[in-house]
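The lines below spell out each chain.
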Amino acid sequence: MTTETRGRPPDGTVGFLHVDMDAFYAAVEIRRRPELRGKPVVVGGTGSRGVVAAASYEARHFGIHSAMPSVRARRLCPHAVFLPGDHAHYAEVSARVMTVLRDVTPLVEPLSLDEAFLDVRGVARLLGPAPELAASIRARVLEQEQLTCSVGVASTKFMAKLATERAKPRAGPSGPERGPGVCVVEAGTELDFLHPLPITALFGVGPATSRRLRRLGIETVGDLASLPESAAVSALGAAAGRQLHQLANGIDDRPVVVNRPPRSISHEETFARDLHTATELEAEATRLADAVARRLRTSKLQSRTITLKLRFGDFKTITRSVTLPDPTDGSRDLVAASRELLAQIDVAGGVRLLGVGASGLVEASARQLTFGLDASGDGPEGSEAADRVTDQIRDRFGASAIGPAAAVRDGSGIRSPSDADQRWGPAADGSDHS
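Here's a quick rundown of the structure. Every value quoted in this text rests on a predicted model; they were computed, and no experiment measured them. (Residues numbered from 1 in each chain as written. Predicted model: local features only at pLDDT ≥ 70, side-chain atom pairs only at ≥ 80, totals over all residues. Heavy atoms only, no water.)

1. A short note on the nonpolar core
Thought 1: Core analysis: the largest hydrophobic core is formed by 37 residues, its most contacted members being L17, F24, Y25, L101, L118, V120 and I137.
Thought 2: Here this core takes 7 residues from helix α4 (residues 87-104), the largest share from any one element.
Thought 3: Setting aside residues no more than four positions away along its own chain, L101 makes contact with V19, V108, A116, L118 and I137. (Core = buried A, V, L, I, M, F, W, Y, C linked by side-chain atoms within 4.5 Å. Buried < 20%, exposed > 50% of the residue type's maximum accessible area, 1.4 Å probe, protein only. Helix = DSSP H or I, 4+ residues; strand = E, 2+ residues; numbered from the N terminus. Contact = heavy atoms within 4.5 Å.)

2. Details of empty space enclosed by the protein
Thought 1: Summed over the entire model, instances satisfying the criterion amount to 1 cavity of 30 Å³ or more.
Thought 2: Empty space within the largest cavity amounts to approximately 40 Å³.
Thought 3: Elements with a contribution of two residues or more to the lining of the largest cavity: β2 (16-21), α4 and β7 (115-119).
Thought 4: Broken down by class, the residue content of the lining of the largest cavity amounts to 7 nonpolar, no polar and 3 charged. (1 Å grid on protein atoms, 1.4 Å probe; cavity = no way out; pocket = protein on both sides within 12 Å on 5 of 7 lines; lining within 4 Å. Points joined across faces, edges and corners; volume = space filled by probe spheres on them. Nonpolar A, V, L, I, M, F, W, Y, C, P; charged D, E, K, R; others polar.)

3. Details of the layout of surface pockets
Thought 1: Empty space within the second largest pocket amounts to approximately 600 Å³.
Thought 2: Counting residues per element, the lining of the second largest pocket draws most heavily on helix α1 (residues 24-32), at 3 residues.

4. Points about the pattern of salt bridges
Thought 1: Under the defined criterion, the tally for this structure stands at 21 salt bridges.
Thought 2: Put simply, R32 and E29 hold a salt bridge, and the shortest N to O gap is 3.0 Å. On the criterion of helical spacing, the pair formed by R32 and E29 is a turn pair, its members being 3 residues apart in helix α1.
Thought 3: Among the residues examined, E29 registers a relative accessible area of 1% and is labelled buried.
Thought 4: One network of salt bridges, in which partners are shared, links E29, R32, R33 and D86. (Salt bridge = Lys/Arg side-chain N within 4 Å of Asp/Glu carboxyl O.)

5. Focus on the packing of helix α11 (residues 229-236) against helix α12 (residues 238-248)
Thought 1: Between α11 and α12, the shortest axis-to-axis distance is 7 Å and the interhelical angle comes to 135°. Considered as vectors, α11 and α12 are oriented oblique to each other. In this structure, α11 meets α12 at a crossing whose hand is right-handed. Of α12, the residues touching α11 (which contributes E229, A232, V233 and L236) are A238, A240, G241, R242, L244 and H245.
Thought 2: In the contact of α11 with α12, the residues fall into 6 nonpolar, 2 polar and 2 charged. (Axes fitted to C-alpha atoms, helices over the stretch in contact; angles between N-to-C directions. Parallel < 35°, antiparallel > 145°, perpendicular 65-115°, else oblique. Left-handed = near helix turned anticlockwise from the far one by under 90°.)

6. Overview of the sheet that holds β7
Thought 1: Overall, mixed pairing links the 5 strands, which are arranged β6-β7-β2-β8-β11 in an open sheet. With partners counted over all chains shown, the strands left at the sheet margins are β6 (108-112) and β11 (182-184), one partner each. Neighbouring strand axes in the sheet, compared pairwise and without regard to direction, differ in orientation by 15° on average.
Thought 2: One ladder, built from 3 bridges, connects strand β8 (residues 149-154) with β11; its direction is parallel. Considered in β11, the bridge of V151 is made with V182.
Thought 3: On the sheet, α4 packs against β2, β6 and β7 and is oriented at approximately 155° with respect to β6. (Pairing = 2+ DSSP bridges.)

7. Points about the sheet that holds strand β3 (residues 41-44)
Thought 1: Here we have 3 strands laid out as an open sheet, ordered β4-β3-β5, and mixed in their pairing. Lying at the two open borders of the sheet, with one neighbouring strand each, are β4 (52-55) and β5 (81-83). Neighbour-to-neighbour, the strand axes of the sheet open up by a mean angle of 25°, direction not taken into account.
Thought 2: Looking at chain direction, β3 and β5 are connected through 3 bridges and run parallel. Bridge assignment links V43 to a residue of β5, and that residue is L83.
Thought 3: The strands touched by α1 are β3, β4 and β5; relative to β3, the strand with the most contacts, the crossing angle is about 115°.

8. Structural notes on the packing of α1 against α4
Thought 1: Look at α1 against α4: their axes get within 11 Å of each other, and the N-to-C directions meet at 95°. Compared by their axis directions, α1 and α4 come out roughly perpendicular. Residue-level inspection shows F24, Y25, V28, E29, R31 and R32 of α1 in contact with α4, the latter providing H87, H89, Y90, V93, S94 and R96.
Thought 2: Residues that form the contact of α1 with α4 fall into these classes: 5 nonpolar, 3 polar and 4 charged.

9. Re α4
Each full turn of the α-helix corresponds to 3.6 residues, which orients residues three or four apart in the same direction.
Thought 1: Over its 18 residues, α4 extends 26 Å from the first C-alpha to the last, a length consistent with the 26 Å expected when each residue adds 1.5 Å.
Thought 2: Along α4, the positions that sit buried rather than exposed are H87, H89, Y90, V93, S94, V97, M98, V100, L101 and V104. (Expected span 1.5 Å × (residues − 1).)

10. Points about the pairing of strand β15 (residues 317-328)
Both faces of the sheet carry side chains from a regular strand, because those side chains alternate between them.
Thought 1: Pairing geometry for strand β14 (residues 301-312) and β15, over 8 bridges, is antiparallel. Paired with R311 across the bridge in β15 is T317.
Thought 2: Connecting the antiparallel pair β14 and β15 is a turn made up of 4 residues, with F315 showing a positive phi of about 75°.

Shown next, in the form of structure tokens:
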């Protein structure tokens with residue numbers, strides 16, 4: 001069930017918090033390895049096709065940042081310590097941090113493992129005003145986890161997130177420069193805080209959008225706020241133009257949403273070398289689709305739309321989708337759909353990345369029985385039975401205990417994709433952190 005709180009407080013008080021852990025993955029690794037304190041530390045894919053997941057502030061001084069190719073990060077700072085990511089451990093630490101936040105208010109909206117929004121308006125009378133709660137959260141996280149976080153406090157979610165950036169540490173020439181830790185944008189001062197910021201501070205303003213706006217002479221948020229909304233719509237389109245114009249004027253009525261259901265579930269993998277044959281890619285599609293189906297069943301969800309994503313050796317990226325007649329969480333259904341989509345694509349040029357995604361999600365329901373078929377494996381009932389048994393085996397013995405034959409590589413056992421590995425690219429040893 002989804003719980004919402006509506007946006008801007010009617011009395012104008014500051015009641016929204018945005019909590020963001022500081023260099024989270026890198027900080028967790030340094031906590032595990034105290035000898036790394038004070039050194040440039042980079043976490044992520046360590047191979048030639050890896051990407052940076054997080055960098056310590058010492059590493060950021062050299063220009064390293066998240067999503068940067070690991071090869072470039074090594075060029076910028078050859079003496080940095082590069083560590084493979086440990087997503088499972090980060091998730092454990094994140095769960096404990098989120099418990100700290102929920103001890104303050106049940107109205108917590110996690111955005112990722114290392115950040116969340118809180119609506120504390122309902123607890124302020126009992127626990128104290130929002131700025132005091134922000135300070136107490138920082139103190140408790142530091143005491144419990146020996147990690148630091150930054151907190152923005154404001155009257156809307158958007159302003160709270162911007163305030164967090166002002167609260168954060170900075171990478172300085174002689175090491176990290178401490179930020180204030182908590183930044184409060186008082187009610188009534190939002191536009192004074194917002195309008196001097198560069199236009200790229202707004203959600204959704206990337207390089208292409210900023211170029212369009214700069215052609216109109218728009219450099220700051222205040223410039224966009226003073227532009228007629230019709231001009232913003234003309235330049236950016238109806239939806240983006242209206243949304244950005246509202247944000248530029250400090251208007252944000254988005255609620256804190258608790259237990260937000262996922263919009264999609266996917267697995268994707270960057271390969272250590274380009275794959276050029278349909279046989280190789282069919283095997284990988286089978287493995288990825290099976291993993292997505294498993295996550296659907298675990299989440300008690302079914303999907304109507306299956307999407308295949310391919311990135312070629314020249315970085316051109318395409319997607320192909322199919323909408324199924326009935327929602328499904330069956331491994332056989334997802335594998336069949338993925339392989340049918342793959343068969344329509346010429347892969348001879350080499351595929352760098354492959355992904356399988358499920359969207360159009362609905363709550364799982366019982367599949368209608370098909371007369372004349374039993375649980376032998378030939379019909380839907382047999383497929384469901386096979387999925388149930390497979391899930392039970394994995395629950396007991398681990399994700400790598402059983403799986404499609406395509407998941408076996410070079411006789412080294414079953415490779416099972418996981419959240420832990422799908423973000424940061426192949427490791428230096430050629431194994432995949434997909």
